[in-house]
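Observations on the model geometry
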There are 2 protein chains.
Amino acid sequence: MKLLEDRIVKEGKVLSGNVLKVDGFLNHRLDIGLLDELGKELYRRFCKDGVNKILTVEASGIALASLCARYFQVPVLFAKKRKSANLGEDLYGADVASFTHGCVYRVVVEADFLSREDRVLLIDDFLADGNALRGLCEICRQAGAAVVGAGVAVEKGFQHGGDGLRASGLRVESLAIVDQMDPKTGIVFRSDL
Amino acid sequence: MKLLEDRIVKEGKVLSGNVLKVDGFLNHRLDIGLLDELGKELYRRFCKDGVNKILTVEASGIALASLCARYFQVPVLFAKKRKSANLGEDLYGADVASFTHGCVYRVVVEADFLSREDRVLLIDDFLADGNALRGLCEICRQAGAAVVGAGVAVEKGFQHGGDGLRASGLRVESLAIVDQMDPKTGIVFRSDL
């Protein structure tokens, strides 16, 4: 999506350690007008799939998920991060290794809020190794809910998490896929290749 | 706001220890249509105050802040929770005691994203002891930003955090104020008294 790619080029900072800093508009300071356009585009791509719930993970997925859900007119469920590995009987949960934070955390949702009647669209701001989305898929599996696909703002294609998820059969729609990035030479998008 | 009060009566659960569970629509499963109405109402109350930024704290304030910001057409900045008390030179931060989690955490924002040019509306889903809002006020003070007020979905009036903030001069607009609640006798709103 050109709107997002242009913004990444304009304001994104490529740091060492494969870090792409876009916290000026995507995950700290939120450009709500931009996120609303991204949400609308994800709606356009998934509007025929019978989505009745959007599932994301706190914290930075919530804004995009909420703005996107306005178009779908469906509720958002956000998985909560827990330090503890304890999983009560009334929770679905999965362990997620975080690329950004270099740790493993548990994401959980209350069992009351997800069921086999649900057709779930996963939403997240970033896709790198794919661990967060895999965790959300696992939560849906536990609930018996169908996952219709995943909508992502920025995918770091060179980490291949998205490719792995697609190979496993998940429909992943990323609005910008960064296939190469370098502090000196800049960013190359998959759409450029 | 009657829409919210009715929903709290219908679906809120009063638990022991002064816990009001509204996670079916406000802070785990999000009723986006409802939150959009709450955001619109907060816009109505603050639209003449020159707001150019909304500040909230992760995670459960983000959805309401984002939907509200659509009406204002301003960006959202969400303060991030850190375990560490370390505060870099490029961050503004404050310590916040959490009623819900029984701990103290630090909330921070990057200094680049808040300045003395800003007229900030604080938004949060819940107001109990008022510690989160006090932390956000402190962050704005460090940045030299003006705080025009705070918009809150549910205030637990009997914990008097909101009253203290109002007494200190902050304009606090809560869309539902629970002044009494009891697992047996139910909920009394300030608007009923």
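Coordinates for the structure precede this section.
The following paragraphs examine the structure supplied in this document. Per-chain numbering applies: the sequence of each chain, read as written, is numbered from 1 onward. A letter from A marks each chain and a number from 1 marks each ligand, given out in the order of writing. Per-residue local features of the predicted model are confined to residues with pLDDT of at least 70, and side-chain atom pairs are confined, for both listing and counting, to 80 or more; whole-chain, interface and lining totals are unaffected and use all residues. Side-chain measures here rest on the full set of heavy atoms in the structure, leaving out hydrogens and waters.

The numbering of helices and of strands both runs from the N terminus, where a helix is a DSSP run of H or I of at least 4 residues and a strand a run of E of at least 2. The secondary structure content of chain A amounts to five helices and 11 strands. Every radius of gyration here is taken over C-alpha atoms, with the globule rule written as 2.2 Å times N^0.38, N being the number of residues. Taken against the 2.2 N^0.38 rule, which gives 16 Å for 193 residues, the C-alpha radius of gyration of chain A at 16 Å falls within 12% of a compact globule. Considered along the principal axes of its C-alpha atoms, chain A spans approximately 50 × 35 × 30 Å. With a 1.4 Å probe rolled over the protein chains alone, any residue whose accessible area is under 20% of its type maximum counts as buried; one over 50% counts as exposed, and the rest are partly exposed. Each of the 193 residues in chain A was classed as buried or not, and the buried ones make up 56%. Residue pairs in contact within chain A that sit at least 24 positions apart in sequence constitute 60% of those at least 6 positions apart. When the accessible surface of chain A is totalled, it reaches about 8,300 Å², and 47% of it is carbon and sulfur. The contact rule is simple, with two residues in contact once any of their heavy atoms fall within 4.5 Å. Methods summary: accessible areas were calculated by the Shrake-Rupley approach with a probe of 1.4 Å, and residue burial reflects only the protein chains presented.

In this section: the relation of the copies chain B and chain A. Superposing the copies works by least squares over the C-alpha atoms of residues that have pLDDT at least 70 in both of them. When chain B is fitted to chain A, the residual RMSD is 0.0 Å, and the transformation amounts to a turn of 180 degrees plus an axial shift of 0.0 Å. Considering both components of the superposition, the chain copies are consistent with a two-fold axis. Distance from the rotation axis, computed per C-alpha, reaches its smallest value in chain B at alanine 59 of chain B: 2.5 Å. The fraction of interface residues of chain B whose copies in chain A are also interface residues reaches 100%, indicating that both copies meet through the same surface.

Here the focus is the pairing of strand S10 (residues 172-182) of chain A. All names here are of chain A. Of all the 11 residues making up S10, nine are buried; the element is thus mostly covered by neighbouring parts of the structure. Here strand S9 (residues 146-156) runs beside S10; their pairing, made up of six bridges, is parallel. The partner of glycine 151 across the bridge, within S10, is glutamate 173. One ladder, built from four bridges, connects S10 with strand S11 (residues 186-189); its direction is antiparallel. For glutamine 180, the partnering residue across the bridge sits in S11 and is valine 188. Note on pairing: two strands pair once DSSP finds at least 2 bridges between them.

Residues and elements named next belong to chain A. In a regular helix each residue adds 1.5 Å, so 15 residues correspond to 21 Å; helix H2 (residues 32-46) covers 21 Å between its end C-alpha atoms and thus fits that length. Those residues of H2 lying buried are Ile32, Leu34, Leu35, Asp36, Leu38, Gly39, Glu41, Leu42 and Phe46. Identification of polar contacts relies on pairs of N or O atoms within 3.5 Å, with a donor-acceptor requirement for protein atoms, meaning one able to donate a hydrogen and the other able to accept it, and with residues adjacent in sequence counted only if both atoms are side-chain atoms. For H2, the N-terminal cap is aspartate 31; the gap from its side-chain oxygen to the backbone nitrogen of glycine 33 is 3.1 Å. In this analysis, the expected span of each helix is defined as 1.5 Å times one less than the number of residues it contains.

What follows is about the interface of chain B and chain A. Listed per partner, the contact involves 29 residues of chain B and 29 residues of chain A. The term buried area denotes the loss of accessible surface (1.4 Å probe radius) that occurs when two parts are joined, taken as the sum for both partners. When the two sides are added together, the surface that chain B and chain A hide from each other amounts to roughly 2,500 Å², 65% of it contributed by carbon and sulfur. When the buried area of chain B at its contact with chain A is split by residue, His28, Arg29 and Arg70 of chain B rank highest and sum to 25% of it. Whenever a carboxyl oxygen of Asp or Glu lies within 4 Å of a side-chain nitrogen of Lys or Arg, that contact is scored as a salt bridge. Linking chain B to chain A there are four salt bridges. Ionic pairing is found between aspartate 36 of chain A and arginine 70 of chain B, a salt bridge with its closest N-O pair at 3.9 Å. Scanning the region where chain B abuts chain A turns up 10 residue pairs in polar contact (both at pLDDT 80 or more). Counting only elements with at least two residues in the side of chain B that touches chain A, the list comes to strand S3 (29-30), helix H2 (32-46), helix H3 (62-72), strand S5 (76-82) and strand S7 (103-110) of chain B. Broken down by element, the side of chain B that touches chain A gets its largest block of residues, six residues, from H3 of chain B.

Turning to helix H1 (residues 2-11) of chain A, a few remarks are in order. Residues and elements named next belong to chain A. Taken residue by residue, H1 has Leu4, Glu5, Arg7 and Ile8 as its buried positions. Along the long axis of H1, the arc covered by the buried residues comes to 165 degrees, so they all point the same way. Exposed and oriented more than 90 degrees from the buried face of H1 are Lys2, Val9 and Lys10. Where the residues of H1 are buried, they touch strand S2 (19-21), strand S3 (29-30), H2, S9, S10 and S11. For this quantity, the arc is that covered by the directions from the helix axis to the C-beta atoms.

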